[in-house]
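# Observations on chain architecture
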Amino acid sequence: MIYTKTARNVTLVLTIAAAVICCVVLNLLGGYAFVINGYEKCGYALFASSALLVCAVVFAAFRKVIIPMLLNIAGSAFYIYTLAVIGAIPNTKIPKENTEALMAKHYPTIAVTVLIVLLVFFNFMNDEAVKKRAEKRKAKKLAAERQLNEDEKIV
């Protein structure tokens, strides 16, 4: 259907733009800032998150379904880890308004996760993919319902 193609193309453009802005710029700069300020695990988690989410966008752009979803889940887990660590910093060490402002700078990455999920959904619902799955089901059904030859028997 034309709506699926148009929606996929719009989502692809938005996903690429969001990945460049959030992953390549914000998360890499934030990861570097974490590393130089003594929060190495958070910095490396943001680096890993950025790499995995960008790889997910690349695979999704080539109409893949399963690989981008797995990369999306892993990449999201890494930035969620960073957000959890920031949220767990005690108020006595860093004031809560500072940690909340820092967390707010990483919230746009959630848009990348959502856009990748949408892009994978449109890839899954693509006309060619739907036809391919229907043909596969039909072939499996025909193979299961075929007549046995004389030399074959059910065990």
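Please read all numbers here as calculations on a predicted model, not as lab measurements.

### A closer look at a nonpolar patch on the surface
Together, Ile16, Val20, Ile21, Val24, Val25, Leu26, Leu28 and Leu29 make up a nonpolar patch on the protein surface, roughly 650 Å² of accessible area in all. Within the fold, Ile16 resides in helix α1 (residues 2-36).

### Side note on the confidence of the model for the protein chain
Overall, the predicted model of the protein chain reaches an average pLDDT of 88, with 95% of residues at or above 70. Looking at the elements of the protein chain, mean pLDDT is at its lowest for helix α6 (residues 127-144), recorded as 81, and at its highest for helix α2 (residues 40-61), recorded as 95.

### Regarding the packing of aromatic side chains
Applying the stated criterion to the full structure yields three aromatic pairs. Taking 6.4 Å as the distance between ring centres and 80° as the angle between the ring planes, the aromatic pair formed by Phe34 and Tyr39 counts as edge-to-face. Exposure remark for Phe34: the relative accessible area of 8% places this residue in the buried category. On the basis of relative accessible area, Tyr39 is assigned to the partly exposed category, the value being 23%. Judged by centre distance (6.2 Å) and plane angle (50°), the rings of Tyr44 and Phe47 are tilted. Of the two residues, Tyr44 and Phe47 are both situated in helix α2; the distance of three residues between them amounts to about one turn of the helix. Tyr44 gets classed as partly exposed once you look at its relative accessible area, which sits at 49%.

### Considerations on the nonpolar core
Judged by nonpolar contacts, the single largest core of 22 residues is most densely connected at Phe34, Leu53, Tyr79, Val112 and Ile116. For this core, the secondary-structure elements that each account for two or more residues are α1, α2, α3 (66-87) and α5 (109-124). Contacts of Val112, omitting those with residues within four sequence positions, involve Ala18, Ala19, Cys22, Cys23 and Leu53.

### Considerations on the packing of α3 against helix α4 (residues 96-104)
Packing of α3 against α4 brings their axes to within 9 Å, and their N-to-C directions diverge by 170°. Considering their axes alone, α3 and α4 lie roughly antiparallel with respect to each other. From α3, Leu83, Ile86 and Gly87 reach across to α4, where they touch Lys96, Thr99, Leu102 and Met103. Of the residues assigned to the contact of α3 with α4, the class counts are four nonpolar, two polar and one charged.

### So, the side chain of Thr11
The residue Thr11 is located in helix α1 in this model. Of the residues examined, Thr11 reaches a relative accessible area of 7% and is grouped as buried. Within the local environment of Thr11, its side chain forms a polar contact with the backbone oxygen of Ala7, the two atoms lying 2.6 Å apart. With sequence-adjacent residues up to four places away left out, Thr11 is seen in contact with Leu115, Leu118, Leu119 and Phe122.

### Thoughts on unusual backbone geometry
Backbone geometry places Arg63, a non-glycine residue, at a positive phi of 65°. Inspection of the secondary structure assignment puts Arg63 in the loop between α2 and α3.

### Remarks on α3
Along its 22 residues, α3 runs 31 Å from first to last C-alpha, staying within 8% of the 32 Å computed at 1.5 Å per residue. All buried positions along α3 are accounted for by Pro68, Leu71, Asn72, Gly75, Ser76, Tyr79, Thr82, Leu83 and Ile86. Buried residues of α3 fall within an arc of 130° about the axis and therefore sit on the same side. Opposite the packed face of α3, turned more than 90 degrees from it, sit the exposed residues Ile66, Leu70 and Ile73.

### Examining the environment of Thr6
Among the structural elements, Thr6 can be located in helix α1. Judged by relative accessible area, which is 42%, Thr6 ranks as partly exposed. In this structure the C-alpha to C-alpha distance between Thr6 and Phe122, which are 116 residues apart in sequence, comes to 9.8 Å.

Conventions used here
- Residues numbered from 1 in each chain as written.
- Predicted model: local features only at pLDDT ≥ 70, side-chain atom pairs only at ≥ 80, totals over all residues.
- Heavy atoms only, no water.
- Patch = residues over 30% accessible without salt bridge, like charges linked within 9 Å, V, L, I, M, F, W, Y side chains within 5 Å.
- Areas by Shrake-Rupley, 256 points an atom, 1.4 Å probe, with all protein chains shown as cover.
- Salt bridge = Lys/Arg side-chain N within 4 Å of Asp/Glu carboxyl O.
- Helix = DSSP H or I, 4+ residues; strand = E, 2+ residues; numbered from the N terminus.
- pLDDT = per-residue confidence, 0-100.
- Phe/Tyr/Trp six-rings, centres within 6.5 Å; stacked < 30°, edge-to-face > 60°.
- Buried < 20%, exposed > 50% of the residue type's maximum accessible area, 1.4 Å probe, protein only.
- Core = buried A, V, L, I, M, F, W, Y, C linked by side-chain atoms within 4.5 Å.
- Contact = heavy atoms within 4.5 Å.
- Axes fitted to C-alpha atoms, helices over the stretch in contact; angles between N-to-C directions.
- Parallel < 35°, antiparallel > 145°, perpendicular 65-115°, else oblique.
- Nonpolar A, V, L, I, M, F, W, Y, C, P; charged D, E, K, R; others polar.
- Polar contact = N/O pair within 3.5 Å; in protein donor to acceptor, adjacent residues only side chain to side chain.
- Expected span 1.5 Å × (residues − 1).
- Arc of directions from axis to C-beta.

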